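Residue-level structural notes
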Amino acid sequence: MSAPGTPSPSADVVLEVKDLKKHFPIRKGLFSSVVGHVQAVDGVSFSIRRGEALCLVGESGCGKSTVARTIARLEEPTAGSIVLNGTDISALGEGEIRPYRRQMQMIFQDPYSSLNPRLTAGEIVSEPLTNFGLAMGSDLQARVASLFERVGLRADAMAKYPHEFSGGQRQRLGIARALAVSPQLILADEPLSALDVSVQAQVLNLLIDLQDELQLGYLFVSHDLAVVEHIGHRIAVMYLGRIVEIADNASLFDTPLHPYTEALLAAAPVPEVQRTKRERIILTGDVPSPSAPPSGCRFHTRCPYVRPECSRIDPPLVEVAPGHHVACLLRPGPSAGHAAP
Amino acid sequence: MAALDKTPSGAARADNTEPILSVRDLRTQFFTSDGVVRAVDGVSFDLHRSETLCIVGESGCGKSVTALSILGLIPREIGRVVGGSIRFDGMELTKLDEGEMRRIRGNRISMIFQEPMSSLNPVYTVGFQIAETLRIHQGLSNKAAAERAIEMLALVRIADARRRAGEYPHQLSGGMRQRVMIAIALACNPQVLIADEPTTALDVTIQAQILELMVELKERLGTAIVLITHDLGVVAEVAERVIVMYAGRTAEEATVSELLDNPQHPYTRGLIGSIPRRSTPGARKTTRTRLQEIRGIVPSLREEIPGCAFAPRCSIATERCTSQRPPLETHGPRHSAACWETAPSSALTATSPRS
Ligand SMILES: Nc1ncnc2c1ncn2[C@@H]1O[C@H](COP(=O)(O)OP(=O)(O)OP(=O)(O)O)[C@@H](O)[C@H]1O
Ligand SMILES: Nc1ncnc2c1ncn2[C@@H]1O[C@H](COP(=O)(O)OP(=O)(O)OP(=O)(O)O)[C@@H](O)[C@H]1O
Ligand code: SF4
Ligand SMILES: [Mg+2]
Ligand SMILES: [Mg+2]
């Protein structure tokens with residue numbers, strides 16, 4: 001069986017993640033003994049094909065960044081496999097992983113802190129090329145110049161330092177650096193969140209153009225549903241370290257099946273005049289702590305449709321329509337129909 | 001909640017047609033070692049009783065400084081309101097001394113600041129912090145203030161208010177801290193509440209709770225609200241009227257439906273066009289489309305901008321735009337914009353022969 005959300009197994013798959021877990025120890029006291037674990041990511045599976053953008057949405061602390069960082073092997077996975085172009089990189093050592101780092105690159109939320117302030121923009125972009133021994137001398141200069149052009153930065157910006165750029169320009173610089181080594185997969189963690197509204201559109205357009213042109217796979221982490229709807233081919237919704245629903249763009253937005261997805265979609269304000277009062281489900285209560293997730297379905301403490309069995313049974317992620325997977329006891333399968341109250 | 005129903009102390013409510021707060025051509029500057037920052041460079045708006053007015057604009061356009069100027073909170077050592085007027089309930093706030101301002105601030109005009117964590121004191125319980133506002137401004141006894149604080153926490157829908165009143169800020173979630181801020185701000189039943197990005201740091205589900213709460217409390221208590229945000233979705237959700245700021249100036253002012261359906265200023269048009277939209281079911285696009293972009297970046301506020309601040313990024317800018325500042329012109333009832341090219345009068349000048 002293929003991982004949830006894999007439309008069809010094919011050679012096109014750039015990344016396949018299976019049952020990925022990342023638990024962080026909580027240490028306390030004099031001897032820093034481990035008193036518990038934050039289950040930041042607790043069994044996440046999905047795949048990404050060439051040219052496909054898979055978006056990861058969910059509220060703060062649900063584990064989105066940890067998924068991206070663990071795939072990039074910036075964090076050691078606790079369990080599970082990370083198959084990049086056919087090779088499981090989850091257990092590779094630092095030396096062995098080096099060649100694979102070229103195939104995937106990360107773009108960070110904060111264009112301010114993710115760039116070395118002491119390097120010029122030109123050096124920032126050429127650094128990965130020299131590190132991987134991909135280019136030297138005049139070839140290097142030419143490649144850096146073409147990367148600058150590709151992301152819409154002027155060539156004369158190469159001599160400037162990061163602080164001399166605006167937020168949007170810095171994010172372009174981060175994208176140029178990520179593209180330098182010709183990766184097949186981009187892990188973008190909230191790449192627009194630190195940018196102004198009018199600049200977000202510029203960067204979002206750039207990311208879409210680059211993907212279409214270079215057939216890159218994207219793991220696009222965001223909490224902004226409108227952005228996700230705009231760029232994502234498929235969407236995975238996370239809640240407390242788990243994927244609770246994964247589907248193609250149209251299915252997820254038109255027929256959300258998980259009560260959390262439904263609430264998330266209802267909560268996001270839309271920039272249109274409200275002619276009639278919107279019927280909206282407003283969740284009560286706070287997000288529980290990932291160090292002590294609720295029993296059974298992790299969403300049961302806030303779910304408007306909660307039933308007694310929800311606190312006992314941990315619902316698995318099931319395919320209820322082609323490519324549409326959901327983890328909710330009220331959604332038993334395509335034949336049983338919708339059991340919503 | 002009987003205590004909340006009485007009118008604010010000493011504030012005889014005037015007739016309903018006068019705006020409660022009226023800001024005219026406000027200009028606030030900071031004096032730094034490398035020059036003058038024109039943080040607010042000509043902002044005007046009226047706020048009516050029981051109205052929600054949103055101020056939108058991108059980072060650094062002067063939204064927070066506008067709010068701090070109204071409350072007289074610009075630190076004297078570094079900046080000053082250099083021009084314009086701020087009239088509140090018949091008083092000119094720019095002329096008041098610090099003692100007089102202190103009686104208004106937190107009492108008749110209160111504010112929720114952009115960073116909730118830094119505006120709550122970590123060493124006092126939240127109940128104490130609400131009670132303190134009541135002791136200072138309303139002269140309540142310790143006991144009465146403590147009881148009112150619990151009532152206020154219940155009002156902002158904090159469950160188990162009595163227990164929570166005895167907790168410290170770090171023991172509360174972000175959403176609960178923001179509710180405490182609202183409780184403090186509303187404790188004295190102010191006539192005006194200025195809320196600076198009260199939900200930006202919160203998750204969407206918590207944001208929805210807080211926005212709903214603010215709208216409900218406004219309707220119940222009759223407080224006029226100035227809500228500062230950069231999120232047009234939030235604007236559509238709660239605003240009655242909106243002002244769009246750009247580079248320290250009012251670019252456009254309109255009712256929310258006018259602004260979203262019939263934007264006049266090229267910046268507002270660009271802003272609305274550049275946000276990704278959630279599509280309506282059935283009307284879904286099958287391929288991804290590019291968003292409309294506003295090219296370029298915001299201008300520096302360190303140099304004087306003689307013309308329209310948006311001119312370098314504007315696709316319909318003319319010679320006049322770069323040299324002369326466009327005035328706020330009326331585009332219809334309660335709708336004005338500061339743009340030479342889209343102003344109704346520009347149609348006249350365009351067709352009339354040059355003399
Ligand atoms: N290095 C770490 N040590 C301990 N706990 C961590 C660490 N990194 C993340 N966590 C915890 O793991 C959980 C998931 O964090 P993560 O940053 O992945 O969330 P997120 O979904 O990206 O949230 P946000 O939207 O706020 O960025 C959180 O509870 C966080 O506190
Ligand atoms: N203490 C200060 N000294 C110098 N300049 C300042 C100071 N405070 C604010 N400014 C400048 O004033 C301008 C307006 O700032 P303000 O904080 O009002 O922006 P804002 O619209 O609230 O932005 P944001 O959406 O990021 O909160 C900015 O250019 C800012 O750099
Ligand atoms: S005044 Fe000119 S530059 Fe400014 S928005 Fe209007 S047309 Fe554009
Ligand atoms: Mg994150
Ligand atoms: Mg601000």
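Residues numbered from 1 in each chain as written. Chains lettered and ligands numbered in written order. Predicted model: local features only at pLDDT ≥ 70, side-chain atom pairs only at ≥ 80, totals over all residues. Heavy atoms only, no water.

The subject of this paragraph is the overall build of chain B. Assigned secondary structure in chain B consists of 13 helices and 12 strands. Relative to a compact globule of 355 residues, whose C-alpha radius of gyration would be 20 Å, chain B shows 22 Å and is just as compact. In terms of its C-alpha atoms, chain B occupies a principal-axis envelope of roughly 75 × 55 × 45 Å. In chain B, 65% of the contacts between residues at least 6 apart in sequence involve partners at least 24 apart. (Helix = DSSP H or I, 4+ residues; strand = E, 2+ residues; numbered from the N terminus. Rg over C-alpha atoms; globule rule 2.2 N^0.38 Å. Contact = heavy atoms within 4.5 Å.)

Further remarks concern the packing of aromatic side chains. Geometry of an aromatic ring pair is reported as the spacing of the ring centres plus the angle between the planes. Across all of its chains, the model carries seven aromatic pairs over all chains by this definition. For the pair Tyr239 of chain A and Phe299 of chain A, a centre-to-centre distance of 5.1 Å together with 85° between the ring planes defines the contact as edge-to-face. With a gap of 60 residues between them, Tyr239 of chain A in strand E9 (residues 234–239) and Phe299 of chain A in the loop between helix H9 (259–267) and strand E11 (318–321) connect regions that are remote in the sequence. No difference in accessibility class separates Tyr239 of chain A from Phe299 of chain A, as the two residues are buried. Pairing Tyr246 of chain B with Tyr267 of chain B gives two aromatic rings, centres 4.5 Å apart and planes at 50°, and the pair type is tilted. A residue pair is termed long-range when its members are at least 10 positions apart, and Tyr246 of chain B in strand E9 (residues 241–246) and Tyr267 of chain B in helix H11 (residues 266–274) qualify at 21 residues. (Phe/Tyr/Trp six-rings, centres within 6.5 Å; stacked < 30°, edge-to-face > 60°. Buried < 20%, exposed > 50% of the residue type's maximum accessible area, 1.4 Å probe, protein only.)

Residues and elements named next belong to chain A. Looking at ligand 1, there are 13 residues lining it, with Ser60, Gly61, Lys64, Ser65 and Thr66 nearest. In this structure, Gly61 approaches ligand 1 through a main-chain N or O atom, which is 2.7 Å from an oxygen atom. Contact between ligand 1 and Cys62: an oxygen atom at 3.3 Å from a main-chain N or O atom of the residue. Protein chains shield 62% of the accessible area of ligand 1, which is 640 Å² for the free molecule. Taken together, the elements giving at least two residues each to the shell around ligand 1 come down to strand E2 (33–49) and helix H1 (64–71). Sort the elements by how many residues they give to the shell around ligand 1 and H1 lands first, with three residues. (Near = heavy atom within 4 Å. Polar contact = N/O pair within 3.5 Å; in protein donor to acceptor, adjacent residues only side chain to side chain. Areas by Shrake-Rupley, 256 points an atom, 1.4 Å probe, with all protein chains shown as cover.)

Attention now goes to the site of ligand 2. Residue and element names in this part refer to chain B. Neighbouring ligand 2 are 16 residues, the closest being Ser59, Gly60, Lys63, Ser64 and Val65. The contact in question runs from an oxygen atom of ligand 2 to an N or O atom on the backbone of Gly60, over 2.8 Å. Residue Cys61 places a main-chain N or O atom 3.3 Å away from an oxygen atom belonging to ligand 2. Listed by contribution, the elements that provide at least two residues to the shell around ligand 2 are strand E1 (21–32), strand E2 (35–47) and helix H1 (63–70).

Bringing the environment of Leu179 of chain A into the picture now. Residue and element names in this part refer to chain A. With respect to the helices and strands, the residue Leu179 is situated in helix H5 (residues 167–179). Relative accessible area serves as the criterion here: at 10%, Leu179 is assigned to the buried category. C-alpha separation for the pair Leu179 and Ile107, spaced 72 residues apart in sequence, amounts to 9.8 Å. Setting aside its immediate chain neighbours within four residues, Leu179 contacts Leu147, Val151, Ile186, Leu210, Leu214 and Leu216.

This part is about the pattern of salt bridges. All names here are of chain B. Taken as a whole, this structure holds 37 salt bridges over all chains when the rule is applied. Glu51 serves as the salt-bridge partner of Arg334, at 3.5 Å between the closest nitrogen and oxygen. In this pair, Arg334 sits in the loop between strand E11 (329–332) and strand E12 (335–337) while Glu51 sits in the loop between E2 and strand E3 (52–56), placing the two residues 283 residues apart along the sequence. Among the residues examined, Arg334 registers a relative accessible area of 46% and is labelled partly exposed. Its relative accessible area of 7% is what places Glu51 among the buried residues. The closest approach of N and O atoms between Arg163 and Glu167, which form a salt bridge, is 3.1 Å. (Salt bridge = Lys/Arg side-chain N within 4 Å of Asp/Glu carboxyl O.)

Moving on, we come to the sheet that holds strand E5 (residues 87–88) of chain A. Residue and element names in this part refer to chain A. Spatial ordering of the open sheet is given by E2-E1-E4-E5, a layout of four strands whose pairing is antiparallel. The two strands at the open ends of the sheet, each matched to only one other strand, are E2 and E5. Of the strands in this sheet, strand E1 (13–28), E2 and strand E4 (79–84) touch H1, which is tilted by about 115° from E1. (Pairing = 2+ DSSP bridges. Axes fitted to C-alpha atoms, helices over the stretch in contact; angles between N-to-C directions.)

It is worth spelling out helix H7 (residues 174–186) of chain B at this point. All names here are of chain B. With 13 residues, H7 should cover 18 Å at 1.5 Å per step; its first-to-last C-alpha distance of 18 Å lies within 8% of that length. A large share of H7 lies buried, amounting to 12 of its 13 residues. Listing the buried residues of H7 in full gives Gly175, Met176, Arg177, Gln178, Arg179, Val180, Met181, Ile182, Ala183, Ile184, Ala185 and Leu186. (Expected span 1.5 Å × (residues − 1).)

Let's shift gears to the nonpolar core. Residue and element names in this part refer to chain B. Ranked by size, the top nonpolar core spans 106 residues in total, and within it Ile130 and Ile194 carry the most contacts. In terms of residue count, the dominant contributor to this core is H7 (eight residues). Contact partners of Ile130, with chain neighbours within four places excluded, come to Ala149, Met152, Leu153, Val180, Ala183, Ile184 and Ala187. (Core = buried A, V, L, I, M, F, W, Y, C linked by side-chain atoms within 4.5 Å.)

Each partner contributes residues to the interface: chain B has 43 residues there, and chain A has 46 residues. Around 4,000 Å² of area is buried between chain B and chain A when both sides are counted, 52% of it from carbon and sulfur atoms. Three residues, Arg278, Arg284 and Arg288 of chain B, lead the burial of chain B against chain A; their summed loss comes to 22% of the area buried on that side. Linking chain B with chain A are three salt bridges, by the criterion used here. In this structure, Arg277 of chain B and Glu272 of chain A form a salt bridge, with 2.4 Å as the shortest nitrogen-oxygen distance. Across the chain B-chain A interface, the total number found is 17 residue pairs in polar contact (both at pLDDT 80 or more). Sort the elements by how many residues they give to the side of chain B that touches chain A and helix H8 (residues 204–221) of chain B lands first, with seven residues. Split into classes, the residues belonging to the side of chain B that touches chain A amount to 16 nonpolar, 13 polar and 14 charged. (Buried area = accessible area lost by both parts, 1.4 Å probe. Nonpolar A, V, L, I, M, F, W, Y, C, P; charged D, E, K, R; others polar.)

Pairing of E1 of chain B with strand E4 (residues 79–88) of chain B, which is carried by eight bridges, proceeds in the antiparallel orientation. Looking at E4 of chain B, one finds that Arg27 of chain B is bridged to Gly83 of chain B.

Residue and element names in this part refer to chain B. In this model, chain B carries an average pLDDT of 88, and 92% of its residues clear a pLDDT of 70 or more. Predicted confidence is poor over residues 1–15, with pLDDT under 50, and the contacts of this stretch with residues over four places away or in other chains come to 25 contacts. Note on residues 350–355: pLDDT under 50 across the span, and zero contacts to partners over four residues away in sequence or across chains. (pLDDT = per-residue confidence, 0-100.)

Between two packed helices, what matters for the description is the angle formed by their axes and the separation of those axes. Residue and element names in this part refer to chain B. Between helix H4 (residues 126–138) and H7, the least distance of the axes is 8 Å, while the angle of their chain directions is 20°. Judged by the inter-axis angle, H4 sits roughly parallel to H7. Like other packed secondary-structure pairs, H4 and H7 cross with a definite hand, here right-handed. Residue-level contacts link Val126, Gln129, Ile130 and Thr133 of H4 to Val180, Ala183 and Ile184 of H7. A breakdown of the residues in the contact of H4 with H7 according to their chemical character gives five nonpolar, two polar and no charged. (Parallel < 35°, antiparallel > 145°, perpendicular 65-115°, else oblique. Left-handed = near helix turned anticlockwise from the far one by under 90°.)

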